[in-house]
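Chain and residue survey
The chain contents come next:
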Amino acid sequence: MPIVEARGLTKVFRRADKGSGLAGSVKHLFARRYQDKVAVDHVDLSIEAGEAVAYVGPNGAGKSTTVKLLSGILVPTSGEVRIDGLHPQRDRMTVAHRIGVLFGQRTQLWWDLPVSESLAVLRDIYGVDHATYRKRLARFDEVLELGEILPVMGRKLSLGQRMRADLAAALVHGPRVVYLDEPTIGLDLAVKDRVREFFRGLRDEGTTVMLTSHDLADIEGFCRRLVIIDEGRIIFDGDLEAVKDRFARERILHVETTRPVPLETLRSSLPGAEVTLEETPLRYAVRFDRFAMTAGQAVTVLATLTDLADFRVDEPSIEDVIRRVYSGDLVLDDTGVPR
Amino acid sequence: MRTIRLYPRLLGAHFRSLLEYEADFLILAAATVLMQVVNIVFLSALFAKVPVINGWTFWSVVTMFGAVALAEGVGSLFFDGMWNLAWQINRGELDYYLVRPYPVVLQSSSAAIGINGLSNIVTGGLMIGAGLAHSAIDWTPWRVALGVLLLISSVVIKVSINLGTNAACFWLSSPSPMFAFAMHQVGDLARFPLSIYPIALKAVLGVVLPFAFISFFPIASLLETGTSRWVGLLTPVIAAYCAGLAAFIFRRGLRRYESAGN
Ligand SMILES: Nc1ncnc2c1ncn2[C@@H]1O[C@H](COP(=O)(O)OP(=O)(O)O)[C@@H](O)[C@H]1O
Ligand SMILES: [Mg+2]
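Computed from a predicted model, the values in this text were never measured in an experiment.

Annotation of chain A at the domain level lists domain 1 (4–244) and domain 2 (249–315). Inter-centroid distance (C-alpha atoms) of domain 1 of chain A to domain 2 of chain A is 45 Å.

Taken together, the neighbourhood of ligand 1 is formed by 16 residues, with A:Gly60, A:Lys63, A:Ser64, A:Thr65 and B:Glu258 sitting nearest. This site is not confined to one chain, since residues near ligand 1 come from chains A and B. One of the backbone nitrogen or oxygen atoms of A:Lys63 is found 2.8 Å away from an oxygen atom of ligand 1. The contact in question runs from an oxygen atom of ligand 1 to an N or O atom on the side chain of A:Thr65, over 2.6 Å. Here ligand 1 has 560 Å² of accessible area as a free molecule, and 82% of this is covered by the chains. Of all elements in the fold, only β1 (4–16), β2 (34–47) and α2 (63–70) of chain A reach the threshold of two or more residues within the shell around ligand 1. In terms of residue class, the shell around ligand 1 is built from 5 nonpolar, 7 polar and 4 charged.

This part is about the UniProt feature "transmembrane region" (unreviewed entry) in chain B. All names here are of chain B. The feature "transmembrane region" (unreviewed entry), as annotated in UniProt, sits at residues 25–46, 58–79, 111–132, 144–164, 199–223 and 229–250 in this numbering. For residues 58–79, the end-to-end C-alpha separation is 31 Å, with 100% helix and 0% strand making up the annotated structure. Helix makes up 72% of residues 199–223 and strand 0%. Its end C-alpha atoms lie 23 Å apart.

Residue and element names in this part refer to chain A. The strand order across the open sheet built from 4 strands is β11-β12-β10-β13, with neighbouring strands paired in antiparallel fashion. One side of each edge strand has no neighbouring strand; the edge strands of this open sheet are β11 (274–277) and β13 (308–314). Here the average twist between neighbouring strands, direction ignored, is 20 degrees. When strand β10 (residues 250–257) meets strand β12 (residues 283–289), the two strands line up antiparallel, connected through 7 bridges. From the neighbouring strand, His254 faces β12, where its bridge partner is Ala285. Taken strand by strand, helix α10 (residues 295–305) contacts β10, β12 and β13, and its axis lies near 160 degrees from that of β13.

Moving on to unusual backbone geometry. Residue and element names in this part refer to chain A. One non-glycine residue, Glu182, adopts positive backbone phi at about 50 degrees. Positionally, Glu182 belongs in the loop between β6 (177–181) and α7 (189–204). Residue class for Glu182 comes out buried when judged on its relative accessible area of 6%. In this model, Glu231 sits at a positive phi of 50 degrees, which is unusual for a non-glycine residue.

Further remarks concern the packing of aromatic side chains. All chains considered together, the criterion is met by 12 aromatic pairs over all chains. Centre to centre, the rings of B:Phe58 and B:Trp59 are 5.0 Å apart; their planes meet at 70 degrees, and the pair counts as edge-to-face. Look at B:Phe58 and you get buried, because its relative accessible area is 17%. Grouping aromatic residues by their ring pairs yields a cluster made of B:Trp56, B:Phe213, B:Phe216 and B:Phe217. A:Arg123 extends its terminal NZ or CZ atom over the ring of A:Tyr133, reaching a point 4.9 Å from the ring centre. Cation over ring: B:Arg191 sits above B:Phe65, and NZ or CZ is 5.5 Å from the ring centre.

Before going further, it helps to examine the interface of chain B and chain A. On the chain A side, the residues contacting the 28 residues of chain B number 37 residues. For the pairing of chain B and chain A, the buried interface totals around 2900 Å² over both sides, and the portion due to carbon and sulfur atoms is 52%. Looking at the side of chain B facing chain A, the largest losses of area belong to B:Tyr96, B:Arg100 and B:Pro101, adding up to 25% of the total buried there. Where chain B meets chain A, there are 4 salt bridges. Here A:Arg106 makes a salt bridge to B:Asp95, at a shortest N to O gap of 2.9 Å. Taken together, the links from chain B to chain A amount to 17 residue pairs in polar contact (both at pLDDT 80 or more). Where the side of chain B that touches chain A is concerned, the elements lending two or more residues are α1 (2–12), α2 (15–20) and α6 (94–98) of chain B. When the residues that make up the side of chain B that touches chain A are grouped by side-chain class, the tally is 14 nonpolar, 5 polar and 9 charged.

Opposite charge on two side chains allows them to pair when their charged atoms are near. This model, assessed by the stated rule, comprises 30 salt bridges over all chains. A salt bridge links B:Arg143 to B:Glu224, with the nearest nitrogen and oxygen atoms 3.2 Å apart. Placement of the pair is B:Arg143 in helix α9 (residues 141–167) and B:Glu224 in the loop between α13 (216–223) and α14 (235–256), with a sequence separation of 81 residues. Judged by relative accessible area, B:Arg143 falls into the buried class, the value being 11%. What makes B:Glu224 partly exposed here is its relative accessible area of 42%. Sharing partners across several salt bridges, the network here consists of A:Glu117, A:Arg123, A:Asp124 and B:Arg9.

Quick look at the packing of helix α4 (residues 115–126) of chain A against α1(B) now. At their nearest, the axes of α4(A) and α1(B) sit 10 Å apart, and the two run at 170 degrees to each other. Considering their axes alone, α4(A) and α1(B) lie roughly antiparallel with respect to each other. In this structure, α4(A) contributes A:Glu117, A:Ala120, A:Val121, A:Arg123, A:Asp124 and A:Ile125 to the contact, and α1(B) contributes B:Arg2, B:Leu6, B:Arg9 and B:Leu10. Taken together, the residues of the contact of α4(A) with α1(B) break down into 5 nonpolar, no polar and 5 charged.

All names here are of chain A. Note that Arg196 resides in helix α7. The spatial distance from the C-alpha of Arg196 to the C-alpha of Pro183 is 9.1 Å, given a sequence separation of 13 residues. Those residues within four positions of Arg196 in sequence are excluded, and the remaining contacts are Asp215, Ala217 and Asp218.

Here is what the cut-offs are and how they apply
Residues numbered from 1 in each chain as written. Chains lettered and ligands numbered in written order. Predicted model: local features only at pLDDT ≥ 70, side-chain atom pairs only at ≥ 80, totals over all residues. Heavy atoms only, no water. Domains from an automatic or database assignment. Near = heavy atom within 4 Å. Polar contact = N/O pair within 3.5 Å; in protein donor to acceptor, adjacent residues only side chain to side chain. Areas by Shrake-Rupley, 256 points an atom, 1.4 Å probe, with all protein chains shown as cover. Helix = DSSP H or I, 4+ residues; strand = E, 2+ residues; numbered from the N terminus. Nonpolar A, V, L, I, M, F, W, Y, C, P; charged D, E, K, R; others polar. UniProt positions renumbered as here; feature names shortened; annotations may be inferred. Pairing = 2+ DSSP bridges. Axes fitted to C-alpha atoms, helices over the stretch in contact; angles between N-to-C directions. Contact = heavy atoms within 4.5 Å. Buried < 20%, exposed > 50% of the residue type's maximum accessible area, 1.4 Å probe, protein only. Phe/Tyr/Trp six-rings, centres within 6.5 Å; stacked < 30°, edge-to-face > 60°. Lys NZ or Arg CZ within 6 Å of the ring centre and 35° of its normal. Buried area = accessible area lost by both parts, 1.4 Å probe. Salt bridge = Lys/Arg side-chain N within 4 Å of Asp/Glu carboxyl O. Parallel < 35°, antiparallel > 145°, perpendicular 65-115°, else oblique.

In structure tokens:
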């Protein structure tokens, strides 16, 4: 049985359509007009225990709303959610022990308490015994380096410190399912790397993790499953590598030769590839489909024509692929097969 | 029960930061005491002219004022976070409350300590004490128990009205507790013996928003003053009703909670 399951999950926000200023507010009192915003639109999602899933999409796609629905914060307009078979509102207390949630945009630490005290309050709310608590903190400390920030007041934390403390706060109770919503937003690179390492540790321990991000570097090397949401609808749900295979077939071989070679010669000896000159002399770019030829074959062919001083192969990042999906360049159906 | 044991822990967490603002605390405490002194002076002036209003003497009205102060004091010392509910809803602060295994309403109400509640409780207690000392009733164990029950019920009613009116914010979507505050102002009318008011106002204070059960009715029963002594015996029932209704309103409101977009 999947540990997280959503069927036909839909959330419509009703926004008061106020005109601007006082006049608008007064008018609104008499004639209420609303504008419906479908933030999440018939989402079906099923996550197995121990699975790591990346949930990506552009800003406003509905990622945070999905997380709020999956954690029981919002009541869906229609459709339903089950966590471990439980109803998130009806069994709120039980579900709360099993899930951990982090919203990168918002802290759950008490602004008027030192971090250590915020964590201790959470420990008591969840009823974690002191020995387990100390063990967990020590483990978080290894990667997140909490020691220096424990005595700092919530309101005095820098963004990076806050995020590290918030990660610990979301996990003090050892949840089985963790939702991380934009957990690297605004962090500098050093902190980002540390936090990403922490996620991998979490995944390796067998925690079910759903990571929401619009920074694709967060997901490379983190999970195999990729879910892409756009305008509230899931437009892809499948294997990250398969997406790369399917949509990132193109490779670019950059070569540098020891003496000039006519472009025509290169083109005729590499049919099926696209050869262009690069800005600096003696450098060429060869674009090819990795299923039509291998980089090795291309290099071998070129080596018979001239001496190669240097070469390098570029593969597109998943970022490029998803960007193409967003831009409507690639259209996927529910199964991830291009139409 | 764990739920109850945890409450002082959550509330107490704010205590240390409260002491950082010692000056604020002292000013607030002084202001609260001063307000009660003004009340007493006003009452003595009033009763110097008319010794009895509808059967109520100076000391019985002091007891009533004391009951109001006590109920308000408990409301702000222990449940002041309720007054932040509008803000909490508007800012999406209930998000994290909703994923913790502790009642959302208690997380909300323990989010702040109203330290002026302490001086209200003390002055309220003194006023009740002085009022009772000047009354002619004899203190059988039964009457002591009744007194305690009535005072507890009175506090429950005040806190429930605070909760119910603040929970209206789930529908009003205003970022400030204006509605609850306006209702609180209406409740101030119930400081005086209800019998001086026209029937419509009596109905409001006795039935719609039963502020009269915070002080007028229970104190009338306890001191055997005025004409409607038996009504006060219903105070525990009204308290249970108010608490149930407030919890119901809060729960319904929570289902409407929409968090906040970023
Ligand atoms: N509490 C809310 N009230 C009204 N509209 C909201 C609310 N939360 C989100 N929205 C709207 O729903 C859409 C999806 O938002 P969100 O889930 O936050 O997207 P993401 O996290 O992918 O950036 C956006 O258009 C946003 O403006
Ligand atoms: Mg978001």
